[in-house]
Each structure stands twice: as structure tokens, then as C-alpha cells.
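Observations on chain architecture
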Amino acid sequence: MTTIAQKAPYGVDVEAGKSYWWCSCGLSKNQPFCDGSHKPTHFMPLEYKAEKSEKVWLCGCKQTSRKPACDGSHKQL
Ligand code: FES
Ligand code: FES
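Residues numbered from 1 in each chain as written. Chains lettered and ligands numbered in written order. Predicted model: local features only at pLDDT ≥ 70, side-chain atom pairs only at ≥ 80, totals over all residues. Heavy atoms only, no water.

Now for the overall build of the protein chain. Of the regular secondary structure elements, the protein chain holds 0 helices and 4 strands. Sequence-ordered secondary structure for the protein chain, helices as α and strands as β, is β-β-β-β. The C-alpha radius of gyration of the protein chain comes to 12 Å, within 12% of the 11 Å expected for a compact globule of 77 residues. If one aligns the C-alpha atoms of the protein chain with their principal axes, the spans along those axes are about 30 × 30 × 20 Å. Looking at the protein chain as a whole, 40% of its 77 residues qualify as buried. Across the protein chain, the fraction of contacts at a sequence separation of at least 24, relative to all contacts at a separation of at least 6, is 58%. If you sum the accessible surface of the protein chain, you get close to 4,800 Å²; carbon and sulfur atoms cover 51% of it. For the protein chain, the separation between the mean place of its 11 positive charges and that of its 7 negative charges on side chains is 7 Å. (Helix = DSSP H or I, 4+ residues; strand = E, 2+ residues; numbered from the N terminus. Rg over C-alpha atoms; globule rule 2.2 N^0.38 Å. Buried < 20%, exposed > 50% of the residue type's maximum accessible area, 1.4 Å probe, protein only. Contact = heavy atoms within 4.5 Å. Areas by Shrake-Rupley, 256 points an atom, 1.4 Å probe, with all protein chains shown as cover. Lys, Arg positive; Asp, Glu negative; His and termini not counted. Charge placed at Lys NZ, Arg CZ, Asp CG, Glu CD.)

The structure is reproduced here in C-alpha cells:
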């Protein structure tokens, strides 16, 4: 089971061409990014490469089906 980091997305400014590692387990203290806390679990972070420099909304509840983006699933929690 994933841990719900928060029931809302995190708005982050990403840079074109840069890679980010989205926390899929919900345990990271550096949300929405991985800080290595998944190690005792079977979860792995998901690499996300920004195509352009913009603000994106990354899932904080970890229940999205459009990882790493928020798809509104947090509203059901
Ligand atoms: Fe959650 Fe790494 S800390 S995937
Ligand atoms: Fe997870 Fe919106 S924060 S779906």
C-alpha cells in the first residue's frame, strides 16, 4: 500500500530537459520527489523528464492513474 503524502497535488516548477524522480511510495520527506525512503518497501521512484519549463501538478496522494501527474483521484479519498 502506498502512503498518502497529502490529499492534493504538489505544484512544482520544472525545467525543460531535466529529470525528476517522483516518489511513488508516499514516504519521502521531500515530496513530491523521492528521498530514498522507499528502500524498505517494494516501491520505486518514477523518472519524469520535463519537456518544457513550466509549473506541473504532481500527485501527492499517490493514487493517480496518470503518474506522476495528478488526475483528480485525490478527490475520492
Ligand atoms: Fe518514495 Fe522513493 S521515497 S519512491
Ligand atoms: Fe493524487 Fe490528485 S493528488 S490524484
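That covers the picture; the talk isn't over yet.
Quick look at the nonpolar core now. Membership of the largest hydrophobic core is limited to 11 residues, which are Val12, Val14, Tyr20, Trp22, Phe33, Tyr48, Ala50, Val56, Leu58, Cys59 and Cys61. Of all elements in the fold, only strand E1 (10-14), strand E2 (19-22) and strand E4 (54-58) reach the threshold of two or more residues within this core. Trp22 has contacts with Pro32, Phe33, Cys34, Pro45, Leu46, Leu58, Cys59, Lys62, Thr64, Lys67 and Pro68, leaving out every residue within four places of it along the chain. (Core = buried A, V, L, I, M, F, W, Y, C linked by side-chain atoms within 4.5 Å.)

The residue Lys62 is located in the segment after E4 in this model. Buried charged residue Lys62 carries no salt bridge. Nearest counter-charge: Asp35, at 10 Å. At a separation of 2.7 Å, a polar atom in the side chain of Lys62 contacts the main-chain carbonyl oxygen of Cys23. Side chain to side chain, Lys62 and Gln31 meet in a polar contact 2.8 Å long. In contact with Lys62, other than residues within four places in its own chain, are Thr2, Thr3, Ala5, Trp22, Cys23, Ser24, Gly26, Gln31 and Pro32. (Salt bridge = Lys/Arg side-chain N within 4 Å of Asp/Glu carboxyl O. Polar contact = N/O pair within 3.5 Å; in protein donor to acceptor, adjacent residues only side chain to side chain.)

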